[in-house]
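# Commentary on secondary and tertiary structure
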Amino acid sequence: MAETRRVVITGMGVVTSLGDDLDAFWEALCAGRSGVGPIDLFDVSQFKVHFGSQVRDWDGAARFGAKEARHLDRFAQFALAASEAAVADSGIDFSKLPAENCGVMIGSGIGGLNEFESQHAVMMTKGPSRISPFTIPKLMVNAGSGQVSIRWGLRGPITSTATACASASNAMGDALKLIQCGDADVIITGGSEAAITTMGLGGFAAMRALSTRNDDPRRASRPFDRDRDGFVLGEGAGVLIFEAEEVARGRGARIYAEVLGYGTAGDGHHITAPDEQGRGAARAMRRCLADAGVPADAVDYINAHGTSTPLGDLAETVAMKTVFGAHARRLQISSTKSQLGHLLGASGGVELIASALAIHRGVLPPTINLDNPDADCDLDYVPNVAREARVDRVMSNSFGFGGHNASLLLGRHGG
């Protein structure tokens, strides 16, 4: 039986409310800055929630040209921009690699919601004959992966995972497995989302999933805090280059971290609420550790799912205690959603980037707004201030509506 190939991260790109430059994004994250503020993409005066973690001053026409931008929904623009940044960061030249060995796996929970809403308005006001022929190609969830593959002419595995807030992590886990088994050498992977729309905001508010702290939006996302009241809707993309180690070494690539393992499991419990005992989340974490062949007490840091919902944060805490036992008290944990809000299907991509940078740069981003810790959420969540620390094994968790749970484990390369 052939030996399983090692997989490394060689490039990363982000589009977030804290910026789309990797260094500036990391600096803001470690400084504890919040990207949350008033929504100005549309009139929010009639909505229960007036704020979000919005990518501001986005100009797709300036980035891609007016013609191409018209053919890309906002979420696909984010995916393409983050992918271009990741490819540039990696220094990879796809013209020197077999196209059939290079793939794209970018997840999205919702896809082209902007396009769906705008073309529905066209149909209702002007009739079905005026619907744009680009409607379906723009709104389909796989448009991000498809457009990225076209950008570089890649002909390996091209898929898009849609598992709500676990989408990016499931996509990246699948990418890991395909490279390990030899079905691909390089995969552009991660997630993208642009659901700050009238239906997106209204829908999540109607189900009472969102914080309603309109008077203090920057302090609204407060994972593990006693006064948390829901998540903050965010948007953006996080894309990484996963590469077989021998391919990366062969071209002299800089390596951020090694992707050690992946685990996924279902709750089988409720379409939106997590299992209160975190059993599905615990299974995902255990499977991830087993896949990596790493004992629980070898993990140093967890980038938690930590959405700032009353049930979700508690269930994740219970799950971490279940999996890590006494070691849970020694774990360092933080939720970057405290600063970025919840990017839904893109969150896992951005958070794996934060996890890789924690290893590469030796700093743990904080959980901001953790002012009054919940007595039942009693682990070390790196409250409010970033922490310098050498970490060699980092786990990233993503849990989605529908009971989708995914965990990824990164390690210091060579460690």
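In this report, we go over the structure that sits alongside the text. Bear in mind that the values here come from a model prediction, so they are computed numbers and not experimental data.

### Structural notes on the sheet that holds strand 8 (residues 257-266)
Paired through backbone hydrogen bonds, the strands of a sheet run either parallel or antiparallel to each other. Pairing is mixed in the open sheet, where ten strands are placed in the order 5-4-6-7-1-8-14-13-9-10. Edge positions in the open sheet fall to strand 5 (158-159) and strand 10 (332-334), since each of these has one partner strand only. Inspection of the sheet shows strand 6 (residues 186-193) paired to strand 7 (residues 236-244) by eight bridges, in the antiparallel sense. When the sheet's bridge partners are listed, Ile187 is paired in strand 7 with Phe242. This element, helix 7 (residues 143-152), spans strand 4 (102-107), strand 5 and strand 6 of the sheet and lies at about 155° to strand 4.

### Focus on the pairing of strand 4
Among the six residues that make up strand 4, six are buried, leaving the element largely enclosed by the rest of the structure. Burial along strand 4 is two-sided: the residues Cys102, Val104 and Ile106 and Gly103, Met105 and Gly107 are all buried. Pairing of strand 4 with strand 6, which is carried by six bridges, proceeds in the parallel orientation. Bridging across to strand 6, Ile106 finds its partner in Gly190. Bridging between strand 4 and strand 5 involves two bridges; their strand directions are parallel. Bridged to Met105 within strand 5 is Thr159.

### Some remarks on unusual backbone geometry
The phi dihedral of Phe224 is positive, around 70°, even though this residue is not glycine. Secondary-structure assignment places Phe224 in the loop between helix 9 (198-206) and strand 7. Here Phe224 falls in the buried class, since its relative accessible area comes to 0%. Even without a glycine there, the phi angle at Asn369 is positive, about 65°. The topology assignment puts Asn369 in the loop between strand 11 (363-364) and strand 12 (387-388). Given the relative accessible area of 6%, Asn369 is considered buried.

### Brief notes about the environment of Ala244
With respect to the element layout, Ala244 can be found in strand 7. C-alpha of Ala244 to C-alpha of Gly200: the two residues are 44 residues apart in sequence and 37 Å apart in space. Those residues in contact with Ala244 that lie beyond four places of it in its chain are Arg5, Arg6, Ile179 and Asp185.

### Things to note about the side chain of Gln180
Mapped onto the elements of the fold, Gln180 is located in helix 8 (residues 167-180). For Gln180, a relative accessible area of 14% corresponds to the buried category. At a separation of 3.1 Å, a polar atom in the side chain of Gln180 contacts the side chain of Lys177. In contact with Gln180, other than residues within four places in its own chain, are Thr4, Arg5, Val7 and Leu260.

Quick notes on the rules
- The residue numbers shown here count from 1 along each chain, following its written sequence.
- With the structure being a predicted model, the display of local features is reserved for residues of pLDDT at least 70 and the display and counting of side-chain atom pairs for 80 or more, all residues being used for whole-chain, interface and lining totals.
- Heavy atoms throughout the structure, all of them, feed into the side-chain values; hydrogens and water do not.
- Strand pairing follows a simple DSSP-based rule, namely that at least 2 bridges must link the two strands.
- Only DSSP runs of H or I reaching four residues or more are called helices, and only runs of E reaching two or more are called strands; each is numbered from the N terminus.
- Any two residues whose heavy atoms approach within 4.5 Å at even a single point are treated as in contact.
- Geometry is summarised by axes, namely lines fitted to C-alpha atoms with helices restricted to the contacting stretch, and by angles between N-to-C directions that run from 0 to 180 degrees.
- The cut-offs for exposure are 20% and 50% of the maximum accessible area for each residue type, with area from a 1.4 Å probe on protein chains only; residues under the lower value are buried, those over the upper are exposed, and the others partly exposed.
- Side-chain atoms alone can form a polar contact between residues adjacent in sequence; in general such a contact is a pair of N or O atoms within 3.5 Å, and within protein one must be able to donate a hydrogen while the other accepts it.

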